[in-house]
Amino acid sequence: MKAGEVPLLEVSGLSISFETDNGLLHAVNKASLRVESGEIIGIIGQSGSGKTTLMMGLLGLLRGKPGVREGKAFFQGKPLLSQGSSLMAELRGRDIAVIFQEPRAALDPFFRIGEHMREALLRGGSSGSEAEIRNKGLELLRDVGLVDTEQLWDVFPHQISGGMAQRVMIAMALSAKPKLLVADEPSTALDVTTQAKLLELFKRLRDKHGLSIILISHDIGVIQETCSRVYVMHRGDIVEQGETAEVLHHSKHPYTQSLIQAFAYFASGERKALVGAATPETLVEAKGLRKRFGLAGKSFEALDEVSLFLRAGETYAVVGESGSGKSTLALSMMALQGVDGGEVLYRGENWLKSGKSRIRELRRAIRMLFQHPEAVLNAGMTVEATLREALEREDVRSPAEVQERISKVLEQVHLDPVHAKRYPSNLSSGEKQRVTIARALITRPKVLVCDEPVASLDLAIQAQILELLREFQEKMGLTYLFISHNLALVKLLAHRIGVMYMGRLIEEAPAEDFTVERARHPYTRLLLASVPSLDDEKLRGICAEFPDVEPVRLQTGCPFRNRCPLYLRNHHAECETVLPPLRDIKKGKVACHLADA
Amino acid sequence: MSLLVFLRKPGGWRMLTGGAIVVFLVLTAVSGNFWTRFKSDEMDFEHQLVPPSSNWLMHLTTTEAGRKLLLQGNGSAGGSSVTADEDILGALDDGTKAQVPDASLLTAHGHVLGTDKNGRDMTALLVAGARNCFLPGLVACAVALGVGVWLGLLAGYYDGRWRLFAQVFNGTLLSMPRMVLILVVICALEPNVYLTMAVLGVTLIPRVSELIATRVRALSKMGFILAAKEGGLGDFRILTRHLFWYQNRAVFFVQFSLIMAESILVETTLSYLQFGTRPPEVSWGNIIEGSRLTFFSGQYWITFFPAAAIVLAILGFFYLGDGLNARLAHREGR
Ligand SMILES: Nc1ncnc2c1ncn2[C@@H]1O[C@H](COP(=O)(O)OP(=O)(O)OP(=O)(O)O)[C@@H](O)[C@H]1O
Ligand code: SF4
Ligand SMILES: [Mg+2]
């Protein structure tokens, strides 16, 4: 920016409070920020820190009672927040566009994509014949990196994936040629592979159209990769701001430091898995698990001949994108969902076929952690009641002993005894997850199946919970089946990793071999290259090799081939006709015809 | 302090008012005639059909014409007893002595709310009648909630056959008019108030079970049910503990209050029609029934007090239930 030029957006001393049962809640406290034209700035902070409230309050989009709003804001030098000003309403949708976290929720399911585009273009002031509008729309769709736009024009929102829907949203937002785009957690609901492409798109839009973007995120990786400047929010205050690199490398505020520390826990690439934890004994083994689901007449294999085994004391991780069947695998292995074939052996005993009472007995040894701790705890039960219930099937009778077990397990998960009397609604999400861990640990299990145990938590808390799990493995020799969509994370924690795609295991290898160079299956390489923050030209190049198309369930041949660069290069016939079996290779397994042994 | 917080939340005032009324009435019903000056089966032939002993209560519960009747001793019943009080009542008609002090009236016969045509004390009758309002109500609640809650839990938790069964069962019951059903049972069997209330309970099963089933159906899909199974809990425990006690007990209490209110209404109606509690057992409904003649001659205290008691009881239970419901809705963020 040249000196003296007016910034695109300038906010000073903006405060927003809500009236609640317990008095005034200060959601945003005297926030000030500035956006120049043609730059991407980031707002980072954990959930509940007021990021969304700040932007929505500024744009006049807060839901419900508006509460109290004070402060000044200028858009290109014109005041935004003054009393009775209709400027905001004018600007919104024209000069300022907003996209939200859940793209599909913002698209009307009864209108085709083309109709959405047309509507947006007309609202944005475009005029011309039907054909001209259509051409403009198609060009916008191409601009945001969508292919087959002619076809896309005529489909309904539910027929496209989350990533595509997000792009359509962006295309609609761009139709009025805005100067500022506010993106609230745009990639949080997306898979890593899709997220990587979306961030690329943001940078391209900035360079090509000179668009300014405010990117709200809780993910330092995302911010680091795209933003030139960053604002850190904590409990409604902007606690730190500046050049991204400056803030991230020389942070002054303790909160920023804790965020960065937590991020470094994952980003350093330093392995956290216990060395030598695994023993040769096979504790749990899944053999040929199959599960079919019928959806609207069509049925598909959510699990297709999945076999894996866990050695006592090790961590086996399963990764895959949304819908690949990870949760289905976990529930099947826990005998919480019927399977259509296969068996799950615990110490050689098929527990899916055991009697009811035997299954209940085994449930003490094999426990599970769920993705959303909120949903797992009964809102009407105190922590103590939950733990007491978990002890019911144990042979502890005397109240004193029960009490002792409860206080011991609370100590193990580092929860204060005062939490015992609390209800879930009075616990933070990290504390809730600790309670669910306590609930599992109290029966002294041998195996813990963890379905995305940290996915819903803030980064700092993720690190704490993972440390906790590691501590238990060290002290109690626990065996983990660790399910996650986050490959970077499981690489740090796991001893062995299995990759799932469309209900099938397509690669299995020791965690050390999960690098772009050594991974055998093209999909695994794509996953590895998509991890954000590894800001590396080589990885970007690898990502670019893969076509930007949606996963589909192909009936014959290799289910991955529509996204597979190896296949697209020379159309290997076998890929079209033969489902690649999971075959043994040196130090692992892979299901790809062209992977060398 | 904590009371203030309680009252400020939605439904607080309603719960407090309703709760106070209900507690008062329950204590009354439980204690019975233990504390009253007269007993309900005690007939004071000296004072048949005397009006309430305080001036303003008498004015409230009689008309001008009624008072004249009492005075002339032409009342349809208990004429002789009125003469005993003639000098006192005479004061009413005499313009010059119209301001006779109330104290003399009060001490005159000691029946604060007056007596009925048999000389039974109204206070004692009302207190005795309370019990016969609550007990039948409890029977209706026991049937409606006992069956309804289970049916709801099962139909909501196990979709399939239980759901079908509940649909057919509830559909059949809903298609029968309630009062007709009750009258048919009374005619076919003996006119027993408890049996009648049981039938009333049956007619309320659909409402309770559908309410519970809808909630349970939504709750069953939630993570904590899966987690409970994962913890090795059997279906019985999941149903009774997680789905009923921790998630639906408030609904239970709301329904309890509302059904009590409803059944008091039905019981008094039936007793009035002489299908419910029969004399010599006392209930508010049959006190009113026994007061028809005096009501139409303008001396309606015998009607007034039980009617007020009925209104109070129904309002009490209704407020309690409604307040609970509002609180529940608030807590669930509806
Ligand atoms: N009860 C069900 N009925 C029908 N289809 C189901 C059911 N549960 C899962 N599916 C489907 O099975 C597939 C695998 O789902 P699953 O939940 O196992 O995926 P996931 O890998 O855990 O995804 P995510 O990362 O989003 O949790 C998906 O296509 C899903 O829609
Ligand atoms: S089998 Fe063929 S299509 Fe499938 S991943 Fe390997 S090369 Fe690609
Ligand atoms: Mg899942």
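Note on numbering: residues in each chain are counted from 1, in written sequence order. Lettering of chains starts at A and numbering of ligands starts at 1, both following the order in which they are written. Two thresholds apply to this predicted model, a pLDDT of at least 70 for residue-level local features and 80 or more for giving and counting side-chain atom pairs, whereas whole-chain, interface and lining totals are computed over all residues. Heavy atoms throughout the structure, all of them, feed into the side-chain values; hydrogens and water do not.

### A look at the overall build of chain A
Tallying secondary structure elements over chain A gives 22 helices and 22 strands in all. What you see for chain A is a C-alpha radius of gyration of 26 Å, in line with the 25 Å of a compact globule of 597 residues. Viewed in the frame of its principal axes, chain A has a C-alpha envelope of about 70 × 65 × 45 Å. Each residue is placed in one exposure class: buried if its accessible area under a 1.4 Å probe, protein chains only, is under 20% of its type's maximum, exposed if it is over 50%, and partly exposed if it falls in between. In chain A, which comprises 597 residues, the share counted as buried stands at 54%. In chain A, the proportion of contacts linking residues at least 24 apart, taken out of those at least 6 apart, comes to 66%. Each accessible area is a Shrake-Rupley result for a 1.4 Å probe, and residues are judged covered by the shown protein chains and nothing else. Surface exposure of chain A reaches about 26,200 Å², of which carbon and sulfur atoms provide 51%. In summary, the charge assignment counts Lys and Arg as positive and Asp and Glu as negative, without counting His or the chain termini. By convention, the point assigned to a charge is CZ for Arg, NZ for Lys, CD for Glu and CG for Asp. A gap of 2 Å separates the mean positions of the 76 positive and 75 negative side-chain charges of chain A. Only DSSP runs of H or I covering at least 4 residues are called helices, and only runs of E covering at least 2 are called strands; the numbering of each starts at the N terminus. Both definitions apply: the radius of gyration is a C-alpha atom measure, and the globule rule equals 2.2 Å times residues to the power 0.38. The contact criterion used is simple: two residues touch if any of their non-hydrogen atoms lie within 4.5 Å.

### Re the overall build of chain B
A count of helical and extended segments in chain B gives 16 helices and zero strands. Expressed as a percentage of its 334 residues, the buried residues of chain B come to 51%. The contacts in chain B between residues at least 6 apart in sequence include a share of 76% that link residues at least 24 apart.

### Comments concerning the packing of aromatic side chains
The pairing test for Phe, Tyr and Trp rings, Trp by its six-membered ring, is centres within 6.5 Å, and the orientation test on the planes gives stacked under 30 degrees, edge-to-face over 60, and tilted for anything in between. This structure, assessed with the given rule, holds 14 aromatic pairs over all chains. Here Phe-293 of chain A and Phe-300 of chain A contribute two aromatic rings whose centre-to-centre distance is 6.5 Å and whose plane-to-plane angle is 50°, an arrangement assigned as tilted. Judged by centre distance (5.6 Å) and plane angle (85°), the ring pair of Phe-244 of chain B and Phe-252 of chain B falls under edge-to-face. One aromatic cluster is present, formed by Tyr-501, Tyr-523 and Phe-560 of chain A through successive ring pairs. In our convention, an over-ring charge means Lys NZ or Arg CZ found within 6 Å of a ring centre and within 35 degrees of that ring's normal. A cation over a ring is seen here: Arg-496 of chain A above Phe-309 of chain A, with NZ or CZ 4.3 Å from the ring centre. The cationic tip of Arg-249 of chain B hangs over the ring face of Trp-245 of chain B; the distance from NZ or CZ to the ring centre is 4.7 Å.

### Digging into the domain arrangement of chain A
Residues and elements named next belong to chain A. Split into domains, chain A comes out as domain 1 (9–268) and domain 2 (282–514). Measuring from the centre of the C-alpha atoms in domain 1 to the corresponding centre in domain 2 gives 35 Å. Listed by partner, the interface residues are nine residues for domain 1 and 12 residues for domain 2. If you sort the residues of domain 1 by the area they bury against domain 2, Asp-191, Tyr-265 and Phe-266 come out on top, with a joint share of 54%. The salt bridge criterion pairs a side-chain nitrogen of Lys or Arg with a carboxyl oxygen of Asp or Glu, the two atoms within 4 Å. Taken together, the links from domain 1 to domain 2 amount to zero salt bridges. Any pair of nitrogen or oxygen atoms within 3.5 Å is treated as a polar contact; in protein, a donor-acceptor pairing is required on top of that, and neighbouring residues in sequence qualify only through side-chain atoms on both sides. Our count for the contact surface shared by domain 1 and domain 2 stands at zero residue pairs in polar contact (both at pLDDT 80 or more). Sorting the residues of the side of domain 1 that touches domain 2 by element identifies α7 (192–209) and α10 (254–267) as the ones contributing at least two each. For the side of domain 1 that touches domain 2, the element with the most residues is α10, which contributes four residues. Each domain span listed reflects an automatic or database assignment of domains. A simple way to read buried area is as the amount of 1.4 Å-probe accessible surface that goes missing from two parts once joined, with both sides added.

### Points about the sheet that holds strand β16 (residues 366–369) of chain A
Residues and elements named next belong to chain A. Pairing between strands is defined by DSSP: at least two bridges between them are needed. Here we have eight strands laid out as an open sheet, ordered β16-β17-β18-β13-β19-β20-β22-β21, and mixed in their pairing. Here the strands that pair on one side only, and so sit at the sheet edges, are β16 and β21 (583–585). The sheet shows a mean angle of 25° between the axes of neighbouring strands, direction not considered. Bridge count between β16 and strand β17 (residues 447–451): four bridges; the pairing is parallel. The residue bridging Leu-369 from the neighbouring strand is Cys-450, located in β17. Strand contacts of helix α12 (residues 356–365): β16 and β17, with the helix running at about 65° to β16, the strand carrying the most contacts. Think of each axis as a best-fit line through the C-alpha atoms, taken over the contacting stretch in the case of a helix, with angles from 0 to 180 degrees between the N-to-C directions.

### Some words on the site of ligand 2
If even one non-hydrogen atom of a residue comes within 4 Å of a molecule or strand, that residue is called near it. Around ligand 2 sit 13 residues, and of these Cys-558, Cys-564, Cys-575, Cys-592 and His-593 of chain A come closest. In this classification, Asp, Glu, Lys and Arg are treated as charged, Ala, Val, Leu, Ile, Met, Phe, Trp, Tyr, Cys and Pro as nonpolar, and every other residue, Gly included, as polar. Classifying every residue of the shell around ligand 2 by side-chain character gives 10 nonpolar, two polar and one charged.

### Some thoughts on the packing of helix α6 (residues 162–174) of chain A against α7 of chain A
All names here are of chain A. Taken N-terminus to C-terminus, the directions of α6 and α7 make an angle of 15°; their axes are 10 Å apart at the nearest point. Judged on the interaxial angle alone, α7 and α6 are roughly parallel. As α6 packs across α7, the resulting crossing turns out to be right-handed. Mapping the contact onto sequence places Gly-163, Gln-166, Arg-167, Ile-170 and Leu-174 in α6 and Thr-194, Lys-197, Leu-198, Leu-201, Phe-202 and Leu-205 in α7. Considered class by class, the residues forming the contact of α6 with α7 number six nonpolar, three polar and two charged. Angles are sorted into four bins: roughly parallel if under 35 degrees, roughly antiparallel if over 145, roughly perpendicular if 65 to 115, and oblique for all others. With the far helix as reference, a near helix turned anticlockwise by less than a right angle produces a left-handed crossing, and one turned clockwise produces a right-handed crossing.

### Here we look at helix α11 (residues 193–220) of chain B
What a helix is expected to span follows from its residue count: subtract one and scale by 1.5 Å. End to end, α11 of chain B covers 39 Å across 28 residues, agreeing with the expected 40 Å (1.5 Å per residue, within 8%). What we call the bend at a residue is the angle made by axes fitted to the seven residues finishing there and the seven residues starting there. Residue Leu-204 of chain B marks the point of greatest curvature in α11 of chain B, where the axis turns by about 40°; the proline Pro-206 of chain B follows within four residues.

### A word on the side chain of Ser-175 of chain A
Residue and element names in this part refer to chain A. As for its placement among the helices and strands, Ser-175 is situated in the loop between α6 and β7 (180–184). Take Ser-175: its relative accessible area is 5%, and that puts it in the buried class. A polar contact is formed between the side chain of Ser-175 and the backbone oxygen of Met-172, at a distance of 2.6 Å.

### Observations concerning the sheet that holds strand β10 (residues 237–243) of chain A
Residues and elements named next belong to chain A. Ordered in space as β6-β7-β8-β3-β9-β10, the six strands form an open sheet in which the pairing is mixed. Two strands close off the open sheet at either side, each with one partner strand: β6 (96–99) and β10. Strand-to-strand twist across the sheet, computed as the mean angle between neighbouring axes with direction ignored, equals 15°. Sitting on the sheet, α6 touches β6 and β7, and the angle it makes with β6 is about 170°. The sheet strands contacting α10 are β9 (229–234) and β10, and the helix crosses β9 at an angle near 105°.

### Some thoughts on the packing of helix α8 (residues 122–157) of chain B against helix α16 (residues 301–331) of chain B
All names here are of chain B. In contact at an axis separation of 11 Å, α8 and α16 are set at 40° when each is read in the N-to-C sense. Here the hand of the crossing between α8 and α16 comes out right-handed. When α8 is examined against α16, the residues Met-122, Leu-126 and Phe-134 are found in contact with a partner set consisting of Trp-301, Ile-302, Phe-305, Pro-306, Ala-309 and Phe-317. Each residue belonging to the contact of α8 with α16 can be placed in one class, and the counts come to nine nonpolar, no polar and no charged.

### Comments concerning the domain arrangement of chain B
Residue and element names in this part refer to chain B. Domain parsing of chain B yields domain 1 (2–35 + 121–332) and domain 2 (55–108). In this complex, domain 1 contributes eight residues to the contact, which on the side of domain 2 involves 10 residues. For the pairing of domain 1 and domain 2, the buried interface totals around 770 Å² over both sides, and the portion due to carbon and sulfur atoms is 68%. Of all residues in domain 1, the largest losses of buried area upon contact with domain 2 belong to Gln-299, Tyr-300 and Trp-301, amounting jointly to 51% of the total for that side. On inspection of domain 1 and its partner domain 2, the count reaches zero salt bridges. Connecting domain 1 to domain 2 are one residue pair in polar contact (both at pLDDT 80 or more). At three residues, the largest contribution of residues to the side of domain 1 that touches domain 2 is made by α16. Split into classes, the residues belonging to the side of domain 1 that touches domain 2 amount to five nonpolar, three polar and no charged.

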